[in-house]
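Here is how the chains run, residue by residue.
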Amino acid sequence: MTTSETPTATDFIREAVKEDLASGRFDYVRTRLPPEPNGYLHIGHAKAFLIDYLVAKDFGGELNLRFDDTNPAKEETEFVEAIKEDAQWLGIDWGDREFYASDYFDELSAWAVRLVKKGKAYVDDQTPEEVSRNRGTLTEPGINSPYRDRSVEENLNLLERMKNGEFPDGSRILRAKIDMASGNINLRDPAMYRIIHEPPHHRTGNKWCIYPMYDWSHGQNDSMEKVTHSLCDIGYEDHRPLYEWFLTELGEFVPRQIEFARLNLNYTVLSKRFLRRMVDEGLVNGWDDPRMPTLRGMRRRGFTAQAIVEFIEKVGIAKNYNMVDIALLEAGVRSDLNKRAGRRMAVLNPLKVVITNYPEGQVEELEAVNNPEDEAAGTRKVPFSREIFIEREDFRQDPPKKYFRLGPEREVRLRYGYFIKCENFVKDENGEIVEVHCTYDPETKGGYAPDGRKVKGTLHWVSAPHALNAEVRLYDRLFTKEDPMAVDAGKEFTDYINPDSLTVLSECKLEPSLAEAKPGERFQFERRGYFCVDQDSTAGKLVFNRTIALRDTWAKIHKQHS
């Protein structure tokens, strides 16, 4: 790519890439995704992945997917496949450029030997506790290891014996020899290799007994792959001098590392460690729980990849910490689903209505619009009969002011149907209304009266004899506190889990056109929100997840309490 072909910079990362191409520092662009296969991707990872992918794409470059599989104790093939699937779902394409840190174990080991021979690395026999204690603090320098001045020959011998499995786990490590008094703690003789005998590695089996630390493998793997721009979150800014030290001492290709702020969402936790804790403690129903910020959870809930990508692009790339309002993501999901989700009628908390003057046994097929935002979506037929279900909240015995739904002697419009008027209602022995009796005006089919009279309320409904039974799961934000990690004294983040984050409704009634709905299909239930067929659905029992309500109820709640 020539300088004249580079795109207009839109952020500091693209500006830096453009400068590197113009100066001749690099004459191509190659980025990489370096996920650890020890968990599932969340929306914070999605931001990092998309930055790497889109920067490379914008400059006509290449993207490497390289799994950082350097810790066999935490890694599984299951996570490798899940990460690839989630990344592809987002639209990220790495072609045939799929690699693993374990691909470079032999080369990395040879590079470590080179540093030992230069006197720049040594084998340390201190215990992990001693290494940590002697590392110093932010205000105090570290203390040199008593094994720091071993001869090159002794270090080479010990390193070879470590590789051959002669020593137990934790008994020795290989450390870089830099500066124990450095103001940057990362430069205080960082560990390069540790001993791990079991479990076997998911790709290399029992070939290796020593495994590289992240700070040793990460930068070196970037160099080996000739990655030009190593894009990572701001937490690695202090690690950059170490990566550059390694490569300078080795005389190898040095990528340019550029840091950006990680994604922070309010009412959300984006730490893999804390997400794992919620899963392990049963506070959520697995990594794909629709309340989780994992891509698997979001997909199961009904979020679209397009909405997530557009959200990440709107958030942009920042250098400093900032908290993003999750309402921005939710608004994007609503906007996207409004265009693509078919409309259906579903009654979540049913109340039976009997239209007493409608002929018994008669069934009409009324025409309903599939999506007013998409003319090509066409229409469908919905059955109408003497008995229907409406939402329980759509009837009040004593309607309050500005309540425009059904009540005694009140008239409302049925969506796609007729005007109905309440004549009376029936209560059970507990005083609960169980049935409403209405009459209908046969001249108002389609929802308009020939005499010009108006009604203010329009209700959705489902024909009782044709209704499908379904379970509907109403999901809400997982935390009640805007920043769950800003805990009050004596509390922890789990104390702020929203007890109403999941409500299960088991007696919902759906229009019969949903009988063939498949897991993953998304619909707007009119007046109720957007819903997605859950993977738990079976032929005999439909299960729907609420993706998002039609309006931002949290904004209203926040306004009431501010």
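Since this is a predicted model, take the numbers as computed values, not measurements.

Peer 1: Report on the overall build of the chain, specifying residues and quantitative values.
Peer 2: Helix and strand counts for the chain stand at 13 helices and 25 strands. Whereas a compact globule of 562 residues would reach a radius of gyration of roughly 24 Å, the chain reaches 31 Å, over 25% beyond that. With respect to the principal axes defined by its C-alpha atoms, the chain has extents near 100 × 60 × 45 Å. The buried share of the chain, taken over its 562 residues, is 51%. Total accessible area computed for the chain in this model is approximately 25,600 Å², and 46% of it derives from carbon and sulfur atoms. Within the chain, the 95 negative side-chain charges are centred at a point lying 3 Å from the centre of the 80 positive side-chain charges.

Peer 1: I'd like to hear about the nonpolar core, residue by residue, with values.
Peer 2: The biggest cluster of nonpolar side chains holds 38 residues, and the ones touching the most others in it are Ile 43, Ile 92, Leu 263, Ile 308, Phe 311 and Leu 329. Every element with two or more residues in this core is listed here: helix H2 (43–58), strand S2 (62–67), helix H3 (77–89), helix H10 (295–301), helix H11 (305–315) and helix H12 (326–340). If one sorts the elements of this core by residue count, H2 sits on top with six residues.

Peer 1: Tell me what's going on with H11, and back it up with residues and numbers.
Peer 2: Within the span of H11, buried status applies to Ala 305, Ala 307, Ile 308, Val 309, Phe 311 and Ile 312. On its buried side, H11 packs onto H2, H3, H10 and H12.

Peer 1: Describe the packing of helix H4 (residues 105–117) against helix H7 (residues 214–224), and please don't skip the residues or the numbers.
Peer 2: Interhelical geometry of H4 versus H7 gives an angle of 110 degrees and a closest axis separation of 11 Å. Between H4 and H7, the crossing angle belongs to the class labelled roughly perpendicular. Contacts between H4 and H7 involve Glu 107, Leu 108, Trp 111, Ala 112 and Leu 115 from the first element and Trp 216, Ser 217, Gln 220, Asn 221, Ser 223 and Met 224 from the second. In the contact of H4 with H7, the residues fall into six nonpolar, four polar and one charged.

Peer 1: Outline the pairing of strand S4 (residues 121–124), supporting the account with residue identities and numerical values.
Peer 2: Burial along S4 is two-sided: the face carrying Ala 121 and Val 123 and the face carrying Tyr 122 and Asp 124 are both buried. Sheet topology places S4 next to strand S5 (residues 173–176); four bridges connect them, and they run antiparallel. By the bridge assignment, Asp 124 is partnered in S5 with Ile 173.

Peer 1: Outline the side chain of Ser 537, supporting the account with residue identities and numerical values.
Peer 2: By the secondary structure assignment, Ser 537 is in the loop between strand S24 (529–533) and strand S25 (542–548). Among the polar contacts made by the side chain of Ser 537, one reaches the main-chain amide nitrogen of Val 543 at a distance of 2.7 Å. Ser 537 has contacts with Leu 542 and Val 543, leaving out every residue within four places of it along the chain.

Peer 1: Tell me about the pattern of salt bridges, residues and numbers included.
Peer 2: Within the structure shown, the criterion is met by 57 salt bridges. Taking the shortest distance from any N to any O, the salt bridge between Asp 125 and Arg 172 comes out at 2.8 Å. In this pair, Asp 125 is assigned in the loop between S4 and helix H5 (128–133) and Arg 172 in the loop between helix H6 (152–163) and S5, connecting sequence segments 47 residues apart. Comparing Asp 125 with Arg 172, the two get one shared label, buried. A salt bridge links Arg 300 to Asp 536; the nearest nitrogen and oxygen atoms lie 3.2 Å apart. In this pair, Arg 300 sits in helix H10 while Asp 536 sits in the loop between S24 and S25, placing the two residues 236 residues apart along the sequence. Arg 300 gets classed as buried once you look at its relative accessible area, which sits at 14%.

Peer 1: Before we move on, could you go through empty space enclosed by the protein and cite the residues and values that matter?
Peer 2: Overall, the coordinates contain four cavities of 30 Å³ or more when judged by the stated rule. What lines the largest cavity is a set of 19 residues, among which Thr 268, Arg 291, Met 298, Arg 301 and Ile 326 lie closest to the centre. Broken down by secondary-structure element, the contributors of at least two residues to the lining of the largest cavity are H10 and H12. Broken down by element, the lining of the largest cavity gets its largest block of residues, three residues, from H12. Here the residues of the lining of the largest cavity are counted per class, giving 13 nonpolar, one polar and five charged. If you trace the second largest cavity, you find it lined by His 218, Gly 219, Asp 222, Ser 230, Tyr 243, Glu 244, Leu 247, Val 254, Pro 255, Arg 256 and Gln 257. Among the secondary structure elements, those contributing two or more residues to the lining of the second largest cavity are H7, helix H8 (240–250) and strand S9 (256–260). Looking at side-chain class alone, the lining of the second largest cavity contains four nonpolar, four polar and three charged residues.

Peer 1: So what's going on with the packing of aromatic side chains? Residues and values would help.
Peer 2: The tally for this structure, following the rule as stated, stands at 20 aromatic pairs. For the pair Phe 105 and Tyr 211, a centre-to-centre distance of 5.9 Å together with 75 degrees between the ring planes defines the contact as edge-to-face. Of the two residues, Phe 105 is situated in helix H4 and Tyr 211 in strand S7 (residues 210–212); the sequence distance between them amounts to 106 residues. Judged by its relative accessible area of 3%, Phe 105 is buried. On the basis of relative accessible area, Tyr 211 is assigned to the buried category, the value being 1%. Aromatic side chains Tyr 358 and Phe 384 sit 5.3 Å apart centroid to centroid with 85 degrees between the ring planes, which places their arrangement in the edge-to-face category. One end of the pair, Tyr 358, is in the loop between strand S12 (350–355) and strand S13 (364–369); the other, Phe 384, is in strand S14 (residues 379–384), with 26 residues separating them in the sequence. Here the two residues Tyr 358 and Phe 384 agree in accessibility, since each one is buried. Through a chain of ring-to-ring contacts, three or more aromatic side chains come together here, namely Tyr 358, Phe 384, Tyr 418, Tyr 440 and Trp 461. Over the face of the ring belonging to Phe 167 we find Arg 172, whose NZ or CZ atom lies 4.1 Å from the ring centre. Above the ring of Phe 274, the side-chain terminus of Arg 273 is found at 4.4 Å from the ring centroid.

Peer 1: An account of the state of the cysteines is requested, with residue identities and associated values reported.
Peer 2: Inspection of the entire model under this criterion finds zero disulfides. Here Cys 532 is not cross-linked by a disulfide; its sulfur's nearest cysteine counterpart is in Cys 508, at 15 Å.

Peer 1: Got a sec to walk through the sheet that holds strand S16 (residues 411–414)? Specific residues and values, please.
Peer 2: Ordered in space as S19-S16-S17-S18-S12-S15-S20, the seven strands form an open sheet in which the pairing is mixed. The open sheet has two free edges, formed respectively by strand S19 (458–459) and strand S20 (462–463), since each of these has just one partner strand. By the bridge criterion, two bridges tie strand S15 (residues 387–391) to S20 in an arrangement that is antiparallel. Counterpart to Phe 389 in the pairing with S20 is Val 462.

Reading the values: rules and limits
- Residues take numbers from 1 onward in each chain, read along the sequence in its written order.
- It should be noted that, the model being predicted, local features are given only for residues of pLDDT at least 70 and side-chain atom pairs only at 80 or more, the latter also being counted only at that level, while totals for whole chains, interfaces and linings use all residues.
- Only heavy atoms go into the side-chain values, all of them from the structure, while hydrogens and water stay out.
- Numbering of helices and strands runs from the N terminus, with a helix taken as a DSSP run of H or I at least four residues long and a strand as a DSSP run of E at least two residues long.
- A radius of gyration in this sense is built from C-alpha atoms; the matching globule rule multiplies 2.2 Å by the number of residues raised to 0.38.
- Remark: exposure states derive from per-residue accessible area (1.4 Å probe, protein chains only) relative to the maximum for the residue type, with buried under 20%, exposed over 50%, and partly exposed in between.
- The protein chains shown are the only cover counted for residues, whose accessible areas, like all others here, come from Shrake-Rupley with a 1.4 Å probe.
- By the counting rule applied here, Lys and Arg register as positive and Asp and Glu as negative, while His and the ends of each chain are not counted.
- The atoms used to mark charge sites are NZ of Lys, CZ of Arg, CG of Asp and CD of Glu.
- Residues belong to a common nonpolar core when they are buried Ala, Val, Leu, Ile, Met, Phe, Trp, Tyr or Cys residues joined through side-chain atoms within 4.5 Å.
- Two residues qualify as a contact provided that any one of their heavy atoms is within 4.5 Å of a heavy atom in the partner residue.
- Helix axes are fitted only over the stretch in contact, all axes being lines through C-alpha atoms; the angle between N-to-C directions runs from 0 to 180 degrees.
- Working definition: roughly parallel below 35 degrees, roughly antiparallel above 145 degrees, roughly perpendicular at 65 to 115 degrees, and oblique for all remaining angles.
- Side-chain classes follow a simple rule in which Ala, Val, Leu, Ile, Met, Phe, Trp, Tyr, Cys and Pro form the nonpolar group, Asp, Glu, Lys and Arg form the charged group, and the remainder, Gly included, forms the polar group.
- Whether two strands pair comes down to DSSP finding at least two bridges between them.
- Counting of polar contacts relies on pairs of N or O atoms within 3.5 Å, with two restrictions inside protein: one atom must be capable of donating a hydrogen and the other of accepting it, and residues adjacent in sequence are counted only when both atoms are side-chain atoms.
- For salt bridges, the criterion is a side-chain nitrogen of Lys or Arg within 4 Å of an Asp or Glu carboxyl oxygen.
- Only protein atoms enter the 1 Å grid, on which a cavity is a set of points fitting a 1.4 Å probe that cannot get out and a pocket is an open set with protein on both sides within 12 Å along at least 5 of 7 lines, lining residues being those with an atom within 4 Å of a point.
- Grid points are joined across faces, edges and corners, and a volume is the space filled by probe spheres set on the points.
- Any Phe, Tyr or Trp ring, taking Trp's six-membered ring, that has another such ring centre within 6.5 Å forms a pair; planes under 30 degrees apart are called stacked, those over 60 apart edge-to-face, and the others tilted.
- We count a charge as sitting over a ring when the NZ of a lysine or the CZ of an arginine lies within 6 Å of the ring centre and within 35 degrees of the ring normal.
- The definition used for a disulfide is geometric: two cysteine sulfur atoms within 2.5 Å.

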